[in-house]
Amino acid sequence: MQRSIKLLAPVLLGLLIWLLPAPQGLSPATWTYFAVFAAVVLGLVLEPVAPALIGLIGVTLATILRLVPMTPGKLPSAGEAIKWGLSGFSNGTVWLIFAAFMFALGYEKTGLGKRLGLTLIKRMGKKTLGLGYAVALADLILAPFMPSNTARSGGTIFPIIKNIPPLYGSTPENNPRGLGAYIMWTALATTCVTSSMFLTGLAPNVLAQSLVEKTAHIQLGWSQWFMSVLPVGAILFLATPLLTYIIYPPTQKTSENAPIWAGEELGKLGPITGREITMGLLAVAALMGWIFLKSSINSTTVALAAVCVMALTKVVTWEDIIRYKQAWNVLAWFATLVTMADGLKRTGFLKWFAEAAASHMQGFSPTAMMIGLVILFFVSHYMFASVTAHVAALLPVMLATAMAVPGLNMEVVSMLLCGSLGIMGIISPYGTGPSPLYFGSGYIKSREFWLLGLVFGTIFLGVYLLVGFPWILMRG
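Positions within a chain are numbered from 1, following the residues in the order the chain's sequence is written. Totals for whole chains, interfaces and linings use every residue, but because this is a predicted model, local features are given only for residues with pLDDT of at least 70 and side-chain atom pairs only at 80 or more, for both listing and counting. Excluding hydrogens and water, the side-chain values take into account all heavy atoms of the structure.

Trainee: How would you explain the overall build of the protein chain if you had to name every residue and give the values?
Mentor: Helix and strand content of the protein chain: 22 helices and zero strands. When its C-alpha atoms are laid out on the principal axes, the protein chain stretches across 70 × 55 × 50 Å. Exposure is judged per residue with a 1.4 Å probe applied to protein chains only, and the accessible area is read against the type maximum: over 50% gives exposed, under 20% gives buried, and values in between give partly exposed. For the protein chain, with 476 residues in total, the buried portion stands at 55%. Any two residues whose heavy atoms approach within 4.5 Å at even a single point are treated as in contact. Sequence-distant contacts in the protein chain: of pairs separated by 6 or more residues, those separated by 24 or more amount to 79%. Areas reported here follow the Shrake-Rupley algorithm with a probe of radius 1.4 Å; residue values treat only the protein chains shown as occluding. For the protein chain, the computed accessible surface area is about 19400 Å², with 68% contributed by carbon and sulfur atoms. For this count, His and the chain ends are skipped, Lys and Arg are scored as positive, and Asp and Glu as negative. Think of each charge as sitting on NZ of Lys, CZ of Arg, CG of Asp or CD of Glu. Taking the average place of the 29 positive charges on the side chains of the protein chain and the average place of its 16 negative ones, the gap between the two points comes to 0 Å. Each helix is a run of H or I in the DSSP string that is no shorter than four residues. Each strand is a run of E no shorter than two, and both are numbered from the N terminus.

Encoded structure:
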């Protein structure tokens, strides 16, 4: 019954919008496209079926109805319509996401990610605070190469750290605040920070990069992203384990058994293998390419080259690649979302919306406008259970609104909005991919989770505006 309601709701929303008269300034075809887009967004929020399928249905329907003109004011031919429908699959950003998922596969298959986490716990885990920093550091090292924070934190970090609290009698049922709650919240809060720090630290970051390029015609490169968020990222990364230790303190202050356990687990892994070394070298090489070769080699090309070498050197096999369903699913999902967002611009909906919104914003200074847009974008994440859905639904609209206001530096606005995508995930138990996993662990009770989300969300946003805003403004 619940699934039927979730299936029906997007259809009803789309039909309701379609039946309403098109607002002045919009053609019936543009209004129909918006109805399809709104239905897709609601489907992404409710997820009655796989998100990639929802996006594919939306693109297919818009293609069949020929709603998106390739030439302004001209009905597209059948050939032009399908060219638009498949355009997302030729988008380099989408393939960068796919390639980055292959890096995650390499970390998993070689065991390098697990070895890294265990090594840090062994060396830094004698004190509970040190253990928190070990968990944070493991996430930071993995973040540039694992765009799924669900795979990074939920699939690599969580399976390791869940074994530590029971060593001290801290379980969800018995003494959760002893050690478990602290470690779980530190891991989640840290992955939100690292997800903002790197373009490839969160898959929706790369989607946002593509939407910024299509909507505002601004390119945000890997190094530009990193340098723009670096001051905020460094402050929040260094502060998060300590803030958690102060705001949500563990009763267990030492963790002598954790390094012993980590050493035993490392012993089971055996000596480091050639495949692990190769994987590590490829990750570093890709990172150097993204930073230093951006003017001569596209970031996607660098990533795809690394994937080819991974397959040739048997870090992962071709069979591993074609069986990695998550990567192929994300490829289809993001390709359709990029296409749907592009349709908002091609049909003229964004231009119409921006002009309407700008008419209500007269009298605000450019600074107040930028800060207001960031706060609205951040707080509105309470309505979304997916950062991807949030990006697809609101980022093009926010960008279009900003573009219609005279005096706004669009490069600054774009970076401000995009840089907040990781840290906004902290605000709710469903705010980002790993959130349900850490919430579901049982160590942090519901009321505590919501309260911590509010407190840390306020801190994260406050630091972002006080430090990040002037820094990005200066760089712009």
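Next comes the rest of the description.
Trainee: So what about helix α10 (residues 203–216)? Which residues, and what values?
Mentor: For α10, with 14 residues, the first-to-last C-alpha span of 20 Å sits near the 20 Å given by 1.5 Å per residue. Counting buried positions over the 14 residues of α10 gives twelve, a clear majority of the element. Of all the residues in α10, the buried ones are A203, P204, N205, V206, L207, A208, Q209, S210, L211, V212, T215 and A216. Phi turns positive one or two residues past the end of α10, at H217, with a value near 60°. For a helix, the expected span equals 1.5 Å multiplied by the residue count minus one.

Trainee: Give a detailed account of the nonpolar core, specifying residues and quantitative values.
Mentor: For this analysis, a nonpolar core means a set of buried residues of the types Ala, Val, Leu, Ile, Met, Phe, Trp, Tyr and Cys, connected via side-chain atoms within 4.5 Å. In this structure, Y33, W185, W290, L395, I426 and I444 are the most contacted members of the largest nonpolar core, which totals 161 residues. The element contributing the most residues to this core is helix α19 (residues 387–403), with twelve residues.

Trainee: Now, about a nonpolar patch on the surface: what can you tell me, with residues and values included?
Mentor: Among the surface-exposed residues, L8, V11, L12, L15, W18 and L19 lie close enough to one another that they form a single nonpolar patch of about 620 Å² accessible area. Mapping L19 onto the fold places it in helix α1 (residues 2–19). Judged by relative accessible area, L19 falls into the exposed class, the value being 65%. Residues enter a patch when their relative accessible area is above 30% and they make no salt bridge; the linking distance is 9 Å between like charges and 5 Å between nonpolar side chains (Val, Leu, Ile, Met, Phe, Trp, Tyr). By definition, a salt bridge exists where a carboxyl oxygen of Asp or Glu is found within 4 Å of a side-chain nitrogen of Lys or Arg.

Trainee: Could you give an account of empty space enclosed by the protein, naming the residues involved and the relevant values?
Mentor: Rolling a probe over the atoms, with the probe sized like a water molecule, indicates the empty space that remains. Cavity and pocket criteria rest on a 1 Å grid covering protein atoms alone: a 1.4 Å probe that fits but cannot get out defines a cavity, protein on both sides within 12 Å along at least 5 of 7 lines defines an open pocket, and an atom within 4 Å of a point defines a lining residue. Grid points are joined across faces, edges and corners, and a volume is the space filled by probe spheres set on the points. Counting across every chain of the model gives one cavity of 30 Å³ or more. As a volume, the largest cavity reaches approximately 40 Å³. Lining of the largest cavity is provided by G117, I121, A134, V135, A138, I157, I160 and I161. Those elements that provide at least two residues to the lining of the largest cavity are α6 (112–124), α7 (128–142) and α8 (149–161).

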